[in-house]
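Each chain, written out:
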Amino acid sequence: MAVQFTAEDYAGRMRRAAAEAVQAGYAGVLVTPGPDLVWLTGYQPTALTERMTMLILREGEPPRLVVPKLEEPDAQAATGAPVLEFVPWTDGIDPYTVTRPLLGPQTAYAVADSAWALHVLGLLRTVSGLRLTPLTDALPMLRAVKDPHELDRLAAAGAGADAAYGQILGVAFAGRKETEVAADLAALLREHGHEQVDFTVVGSGPNGANPHHEAGDRTIATGDTVVLDFGGLRDGYGSDTTRTVHVGPDVDDEVRRVHDLVRTAQQTAFEAVRPGVTCQDIDRAARKVITDGGYGEYFIHRTGHGIGVTTHEPPYMIEGERLPLVPGMCFSIEPGVYLPGRFGVRIEDIVTVTEDGGRRLNNTSHDMAIVA
Ligand code: ZN
Ligand code: ZN
Ligand code: ZN
């Protein structure tokens, strides 16, 4: 069982966000419902509505939650609620006018990436001089670096996904539709502790060449290469892993060669992980292997993405991302080769940065498993 986060944990995160905002030259942080609000307060409204909810974090001020009066009881039930000051508003009152005096004289704020344009534009219309920057650009490290309890949850989510993979190798592939294997994967993720399944990619044969193919009506056949990419949330933290399997033992030479190449790229990028190297260095490490192997033009996807209270979040392992790796960061390393009309291969593990390297949170074999 995961250690439960307390109101004091959330208070600490909110203090840190407010302090880091000031250091970065902002008056504070504005957070609407979404992953940032979950991470900062534990509060997730049961339904996202057009009625504005907004957390205002300013150093030296109590964290304030502007919330529709009718949703206040829900918000009061959140773990972080005891350390929040509630500012309820009722229908017929303009929430932006309610918010304006809470922002203080300085008007440069970081705003949650997921804030609705409706609310952002409402504030900009109402608060003169307001300047907003996406939170990820303003404070890129805020959620990217995980504390030990968060790492425990991410490791547990990874272990759950690994257990699901172990079992999916035993189901029938040949003669079944991708959607049926995807349903098996979803059930296995839930069986292994996940309360939410975000995606179950089953890309068989040519469908594997589309990195974002989910699962379709195609019937899987002996001789197919199948990309399995699945994940979701366990105790509020994400899993995301990919293995590429083969239906039947007769593996085409090129499939074998491409799989070996992707496997080497994944290992090489993993070995490049250590504090101080940049996100783009991880992408470059994987990309060099695949380019040198002659398949560079078919590596059409980024090498990785952050993971935390969501399964896909910044930072991204892409060319141009110069953010340095810091112990506690968690992200995917998922090189792949996608050959249009033929097949795809991807191998993906979640990795966390340690003091002297990296540690995998997925630990199933990288061998190409043979399924039936
Ligand atoms: Zn993707
Ligand atoms: Zn994935
Ligand atoms: Zn991924």
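Scroll up a little and you will see the structure.
All of the points below concern the structure found in this document. Owing to the predicted nature of the structure, the values given are computational and were not obtained by experimental measurement. (Residues numbered from 1 in each chain as written. Chains lettered and ligands numbered in written order. Predicted model: local features only at pLDDT ≥ 70, side-chain atom pairs only at ≥ 80, totals over all residues. Heavy atoms only, no water.)

## Quick look at the overall build of the protein
Broken down by element type, the protein carries ten helices and 18 strands. Against the 2.2 N^0.38 benchmark of 21 Å for 372 residues, the protein shows a C-alpha radius of gyration of 22 Å, consistent with a compact globule. Dimensions of the protein along its principal axes, counting C-alpha atoms only, are 70 × 40 × 40 Å. Buried positions account for 55% of the 372 residues belonging to the protein. Sequence-distant contacts in the protein: of pairs separated by 6 or more residues, those separated by 24 or more amount to 67%. (Helix = DSSP H or I, 4+ residues; strand = E, 2+ residues; numbered from the N terminus. Rg over C-alpha atoms; globule rule 2.2 N^0.38 Å. Buried < 20%, exposed > 50% of the residue type's maximum accessible area, 1.4 Å probe, protein only. Contact = heavy atoms within 4.5 Å.)

## Some points on the packing of helix α9 (residues 253-271) against helix α10 (residues 279-292)
Interhelical geometry of α9 versus α10 gives an angle of 155° and a closest axis separation of 8 Å. The angle between α9 and α10 falls in the class roughly antiparallel. The chirality of how α9 crosses α10 is right-handed. When α9 is examined against α10, the residues L261, V262, T264, A265, T268 and A269 are found in contact with a partner set consisting of I282, A285, A286, V289 and I290. (Axes fitted to C-alpha atoms, helices over the stretch in contact; angles between N-to-C directions. Parallel < 35°, antiparallel > 145°, perpendicular 65-115°, else oblique. Left-handed = near helix turned anticlockwise from the far one by under 90°.)

## Looking at the coordination of the zinc ion (ligand 1)
Under ideal tetrahedral coordination, the four donors around a metal are separated by 109.5 degrees; under ideal octahedral coordination, the six donors are separated by 90 or 180 degrees. Protein-derived ligands of the zinc ion (ligand 1) are H212 (NE2) and H301 (NE2), with the metal-ligand distances lying across 2.0 to 2.1 Å. The metal-metal distance between the zinc ion (ligand 1) and the zinc ion (ligand 3) is 5.9 Å. Separated by 89 residues along the polypeptide, H212 in the loop between β7 (196-204) and β8 (225-234) and H301 in the loop between α10 and β11 (304-306) bring together distant segments of the chain. Residue classification places H301 among the buried residues on the basis of a relative accessible area of 12%. (Donors = N, O, S within 2.8 Å, 3.2 Å for Na, K, Ca; no water.)

Read these as geometric descriptors, not functional statements.
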